[in-house]
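Residues per chain, in single letters:
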Amino acid sequence: MKSLDLTSEARMSVEMNGFPAKSDPLPVKNGKKPSTNGHTLNAEIHQNGTLPTPKRAKESFEQVPIYTAIMTYLGFYILMFLGYVNQMFFSPKVARETNREGYTPLYDQFERFYLRYVYRRVKDCWNKPISSVPGAEVVVKERVTHDYGWTFEFTGRETKCLNLGSYNYLGFAESTGKCADDCIKVVEDKHGLGPCSSRHEYGTTEIVQNLEALTAEFLGVEAAVVFGMGFATNALNIPTLLSKGCLVVSDEKNHASLILGLRLSGATCKVFKHNNMKHLEKLLREAVLNGQPDTGLDWRKIVIFVEGIYSMEGSIVHLPEIIALKKKYKAYLYLDEAHSIGALGPRGRGVTDYYGLNPKDVDILMGTFTKSFGSAGGYIAGSKEIVDFIRVNSHAACYASAMSPPVAQQIITSMSIIMGRDGTSEGLRRITQLARNTRYFRRRLHQMGVIIYGSDDSPVIPLLVYLFSKIGAVVRTLADRKIATVGVGFPATPLMEGRIRFCLSAAHTKEQLDYALDTINEIADELGLKYSKKPRDPNPILYETDDLSGVE
Amino acid sequence: MDILEPMYTLVFTELVPSFHVHLQVLLGLLVLWVLFKKSEKPGRPGKAGKSELDIINDWKPEPLVTPVPAKHRGLNAPVTKNQIAQHITVNGVKCLNFATNNYLALVNQQEIDDVAVAAIRKYGVGSCGPRGFFGTVDVHLELEEKLAQFMRTEAAVVYSYGFSTIASAIPAYAKRGDICFVDEAVNFSIQQGLVASRSHIKYFKHNDMMHLEQLLSEQAVLDRKNPKKAAKTRKFLIVEGLYNKTGEMCPLPEIVDLKNRHKVRLFIDESISFGTLGDTGRGITEYYNIPIEEIDLVMSSMEGSLGSIGGFCVGTTFVVEHQVLSGLGYCFSASLPPLLTVGATAALNLMDGNPDLVKELNEKCDQLHRLLHKSETLARYFRISGCRLSPVKHLFPLELKSGTENELQKIVDLCLQDGVALAVPAFQLNDVKFQTPSIRLTVNSKLEAQDMSKCLSTLEKTVIATFKPTSTS
Ligand SMILES: Cc1ncc(COP(=O)(O)O)c(C=O)c1O
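Computed from a prediction, not measured in an experiment: that's the story for all the values here.

Details of the overall build of chain B
Counting its secondary structure elements, chain B contains 20 helices and 14 strands. Among the 473 residues that make up chain B, the fraction classed as buried is 60%. Accessible surface computed for chain B: about 19500 Å², of which carbon and sulfur atoms make up 57%. Seen as two clouds, the 50 positive and the 51 negative side-chain charges of chain B have centres 7 Å apart.

As structure tokens, then:
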């Protein structure tokens, strides 16, 4: 398993992509002027019917080559078949239940089979334990398995890897510096780790109140309320906003926490194709014209649910069109900025900042502190009326623990730095560095001829490898070369679209990115990942620089 | 051994193309789609003759939210600080803490704060990823190992939020079509887990074993009629060790007996009983001396006795490991920040190393229990709920009027001014059962005898001051 011989496939894909690279028709902007996300965009005209067509960074998407598609399905079925045979002969102790004779089996047959006999073959690629800050580099603890993934043991060895896996967009995962110092001070001042109480009872602390005020200011809205977990921010607040007779129009790639919140709410849910504005408009139009299916009554309200950056697609929401649609059809808009807050926009203030839109055009701004702020928790922000409603009705405010004070302090300090409140340009430097890293990394991947998805300005970069078996191969090979990445496959993505995901950070230097890119280039040849049929840029890709911070 | 290894190597390396199968499947799907494609709906009542534009212009959605009263407690919660030993500072006043779930008074213990600081210096604050994606820090594995060992089970999983632990664990197993027998006094996180599972829910009366047995027997009759369906329907019994809403213990021996006779799986939420019941704080199973193997899944938050944030589940590897891939809150959320993780581990080590901690708490719970039951003033207005060893005691008003909840809140506010922090439990409207307002007293192990008498005298005084005028008028 470890030493994969993929040479025949590799050869094939080289043949498929082996035509000489032509010059890129798009202008390559490697200019000298300082730039941040949302400023220097390769504008591309989008055909969106009557909708406004704002300037937007180029988005990449390519169809799966037909041969690869067939191979992917076939490979998967053979894996399933082998798993099935394997299951008949081999079922270790952990796979059996004791003392529960006569009970209905706890798991569905297929689910259990899939996890035990298909997923197990690549199980080692996930849940890898670390023992350091998840910064630009991360220390990964080595594990071995002697029974093909049923159990793991530590070897005691630790490897420092370049970290392309953590959501540390602005590099605030740090154990030294102002953030860490401030948090330690909060612990030392006896604010406690956990409040042991909910917001409605005794969990409201001054630190949390300060965080809420700062968050509202950062986002440019009237008010904000924060919660101890981003996932729960969705799952425990969405049900208070919706009920039966309400319609939700939700992007197909929405995160599990949004979907759970919607399921708990009892509202009717319609799903539109990912970032497809025509489909969204069709659903909105039909909803307003046709009303509720059984009664023909008007919907009580219609709410659109989207994310800022989609974490598996690397795409940026088409917000200007969505705001136009929402106004046209009088729908409300709930925007989950888990990955985009901090990571997008010239001031790091998310998608609205990126597009230069008024944040007040979004009814509910939701986001998490787990990513760009290097902390934990989530917020809901918007008008005072909406935030007060959430404060009163939120399941989380009533029953769940309030936020931990040191965790809240990390957000206050990192957000202040992003806002320049610390009196330095450190925040701006990080935002700029992330934007440059993103464009550099994406351009070079394009030039290599691998297929990547998403917007040119998105620091989340999925690299398509398609085959289920290749996910494991790429993750392992990169790990051998000391690069930590994550793979995503069925069922988290469509069966056809297995991928490797890179998350860039402001903490990465150009040298680190170059190392990663060179390694990926070698592996892409070895494992046959250069699926792209698009013309490649023959010119060397330069890293943008300026005098602002002396970044090379 | 894996005899199929060579075959796997083959699939992972070389494949044989043949796609007619897919073609056939596709064709089949196409035919189905054409057959079942919906025809356009006829016109709607009241909209006849209207143009599309008119309908859109006429449509008036409800507002996204309705205004909330400015006086609501959710907008006026007290501001707290420095929860240390038996005290908590509320709105700037140092109060006796009869309000937070800090049962073992471990919040702000120096040992715990020290390891938290060390964790920030080593790991930073956030983990920047879910458990699957480099969010598994060695300290998570240590905590899980320690929890499993402490609870004498095979395996443990740790979540980053107490509420989501329980609300995710239940739907990881219970699915559409399954049946859950549930005590009607269960907390809201269990209820949300049940809604997410889409199972059939059968509530039995709070701690009423006759009613539970009746429901189980009724189900057994149905099962005998349709054994095929029964063989596919999973059945769960979901209870709390100590009920947050009533302070009562579940009658575990009877429950285990019923569970075994009817072959239902037993899940227990020990958010309150963990660290407070049993000689060494191992919860309700230790209290009743019932082997933990009888329980299919023990779930608990770490926001009580352990004084941190997050939650955990323990049980056999066969059961627990499933959540690593199916617990929504486990898979799709960043892992617990390392500093909170080591905080919980340190608290657990303290608990494990000093069984006196739990004994001390038990004594304090017992003391308050006796004090409350001795009070004639309280007996005149309240029914006292909560078993002797429960750290959670409720005072349910004997007489319920529309303004009762406000009166209770007034009592609590007055006590707060006198330096005693109590709570009126917060409820949501869609919390299905047991919404009776009450005053809740929460015990922690550092409360002294004089603290309890102060609490009681303050409470009696304010109760009389609040209820007297209304009862005479
Ligand atoms: C879109 C989205 N919403 C919510 C969350 C959950 O956030 P947290 O990790 O803070 O629980 C995530 C995390 O992955 C996410 O991607």
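Let's talk about the site of the ligand
Neighbouring residues of the ligand: 17 residues in total, closest Phe231, Asp336 and Lys371 of chain A together with Ser333 and Ala334 of chain B. Near the ligand, residues from chains A and B are present, making the site a shared one. Here an oxygen atom of the ligand and a side-chain polar atom of His339 of chain A are 2.9 Å apart. In isolation the ligand exposes 390 Å². Once the protein is present, 98% of that is buried.

A few points about the pattern of salt bridges
A side chain of one charge can pair with a side chain of the opposite charge if their charged atoms are brought near each other. Summed over all chains, the structure comprises 50 salt bridges over all chains. A salt bridge links Arg430 of chain A to Glu426 of chain A, with the shortest nitrogen-to-oxygen separation between them at 2.9 Å. Of this pair, Arg430 of chain A and Glu426 of chain A both sit in helix α15 (residues 426–448), separated by 4 residues, roughly a single helical turn. Here Arg430 of chain A falls in the buried class, since its relative accessible area comes to 7%. With relative accessibility at 24%, the residue Glu426 of chain A sits in the partly exposed group. Among the charged side chains, a salt-bridge network with shared partners connects Glu97 and Arg100 of chain A together with Lys259, Arg265 and Asp296 of chain B.

Overview of the UniProt feature "transmembrane region" (unreviewed entry) in chain A
As annotated in UniProt, the feature "transmembrane region" (unreviewed entry) corresponds to residues 64–85 of chain A in the numbering used here. With 91% helix and 0% strand, the stretch residues 64–85 of chain A has end C-alpha atoms that lie 30 Å from each other.

A closer look at the packing of aromatic side chains
Note on aromatic pairs: each is described by the distance of the centres and the angle between the planes. A complete count under the given rule lists 24 aromatic pairs over all chains for this structure. On the numbers, 6.1 Å between centres and 75° between planes, the contact of Phe218 of chain A with Phe373 of chain A is edge-to-face. Separated by 155 residues along the polypeptide, Phe218 of chain A in helix α5 (residues 206–219) and Phe373 of chain A in the loop between β9 (364–368) and β10 (378–382) bring together distant segments of the chain. What makes Phe373 of chain A buried here is its relative accessible area of 0%. Measuring from ring centre to ring centre gives 4.9 Å for Tyr399 of chain A and Phe188 of chain B, while their planes differ by 20°; the resulting arrangement is stacked. With Tyr399 of chain A in helix α13 (residues 395–399) and Phe188 of chain B in helix α8 (residues 188–197), this pair bridges two chains. Given a relative accessible area of 2%, Phe188 of chain B falls into the buried group. Each member of the aromatic cluster is reached from another via a ring pair, and the members are Tyr107 of chain A together with Tyr173, Phe236, Phe267 and Phe318 of chain B.

Things to note about the UniProt feature "domain: Aminotransferase class I/classII large" (unreviewed entry) in chain B
The UniProt feature table records "domain: Aminotransferase class I/classII large" (unreviewed entry) at residues 94–456 of chain B. Segment residues 94–456 of chain B splits into 46% helix and 15% strand. End C-alpha atoms: 17 Å apart.

Quick notes on the rules
Residues numbered from 1 in each chain as written. Chains lettered and ligands numbered in written order. Predicted model: local features only at pLDDT ≥ 70, side-chain atom pairs only at ≥ 80, totals over all residues. Heavy atoms only, no water. Helix = DSSP H or I, 4+ residues; strand = E, 2+ residues; numbered from the N terminus. Buried < 20%, exposed > 50% of the residue type's maximum accessible area, 1.4 Å probe, protein only. Areas by Shrake-Rupley, 256 points an atom, 1.4 Å probe, with all protein chains shown as cover. Lys, Arg positive; Asp, Glu negative; His and termini not counted. Charge placed at Lys NZ, Arg CZ, Asp CG, Glu CD. Near = heavy atom within 4 Å. Polar contact = N/O pair within 3.5 Å; in protein donor to acceptor, adjacent residues only side chain to side chain. Salt bridge = Lys/Arg side-chain N within 4 Å of Asp/Glu carboxyl O. UniProt positions renumbered as here; feature names shortened; annotations may be inferred. Phe/Tyr/Trp six-rings, centres within 6.5 Å; stacked < 30°, edge-to-face > 60°.

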